[in-house]
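Coordinate analysis (summary)
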Amino acid sequence: MFLLQMSGVPGAGKSTVAAHVVATHGAVAVDYDVIKTAALEAGVDLATSGKTSYEIMYALARQILGQGHPVVMDSPCFWPRILDQGMEIARAHDATYRYIECQIHDLTLLDERLSQRPRLRTHRRSVNQPPVDLGDELVDGEAFFRGWEDRVERPADGYLQLDMHRPLSDVLSEVDLYLKA
């Protein structure tokens, strides 16, 4: 049994990899964006929706692992606490901790992915457009994404970085090998 923590900028392919892991390895995905969108739609204010959503994600991961199912935590791993909680939850349930970071550096491709994906309320609309709840003011997307890549939290060792510019079949076979190791 494993707990897989996804990481990467919005639109990098985390949910695509998570869906593959669910289909191939029988894991259950816990998607931060789905939780946060539901919280916002239920009236939780934007300021507290992020922390609330992470706490719900951790609780669901604990429950699902406790039921004997592998888990994929699908969220950008941006804060040290997210990384620490993932490792702690895996330890508490005697599960193998795995971490995959999806990397994409081509902002034109990233913008194309962001604008074409089915969009939740919490998703960025494009490289330069934040999620709808953050308004319509354009931001410097290049600075935003480059800064994000620099601040992603990573475990000290034993993780997989995926170059998401490669063909998806190559990337997913690498994921399968990593999860079987």
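The preceding data block contains the structure.
Residues numbered from 1 in each chain as written. Predicted model: local features only at pLDDT ≥ 70, side-chain atom pairs only at ≥ 80, totals over all residues. Heavy atoms only, no water.

1. Focus on the layout of surface pockets
Considered as a void within the structure, the largest pocket measures approximately 1100 Å³ in volume. What lines the largest pocket is a set of 45 residues, and nearest its centre among them are Pro10, Asp33, Pro76, Thr122 and Trp148. Those elements giving two or more residues to the lining of the largest pocket turn out to be helix 1 (14-25), helix 2 (32-41), helix 3 (46-66), helix 4 (80-92), helix 6 (141-151) and helix 7 (168-180). For the lining of the largest pocket, the element with the most residues is helix 3, which contributes six residues. For the lining of the largest pocket, the class distribution of residues is 23 nonpolar, eight polar and 14 charged. (1 Å grid on protein atoms, 1.4 Å probe; cavity = no way out; pocket = protein on both sides within 12 Å on 5 of 7 lines; lining within 4 Å. Points joined across faces, edges and corners; volume = space filled by probe spheres on them. Helix = DSSP H or I, 4+ residues; strand = E, 2+ residues; numbered from the N terminus. Nonpolar A, V, L, I, M, F, W, Y, C, P; charged D, E, K, R; others polar.)

2. As for the pattern of salt bridges
Opposite charge on two side chains permits pairing when their charged atoms draw close. Under the counting rule described, the total for this entry stands at seven salt bridges. In this structure, Arg125 and Asp136 form a salt bridge, with 2.8 Å as the shortest nitrogen-oxygen distance. On the criterion of sequence distance, the pair formed by Arg125 in the loop between helix 5 (107-116) and helix 6 and Asp136 in the loop between helix 5 and helix 6 is long-range, its members being 11 residues apart. Take Arg125: its relative accessible area is 15%, and that puts it in the buried class. Of the residues examined, Asp136 reaches a relative accessible area of 59% and is grouped as exposed. Overlapping salt bridges, with partners in common, bring together Lys51, Glu55 and Arg81 in one network. (Salt bridge = Lys/Arg side-chain N within 4 Å of Asp/Glu carboxyl O. Buried < 20%, exposed > 50% of the residue type's maximum accessible area, 1.4 Å probe, protein only.)

Any link to function would need more than the numbers given here.
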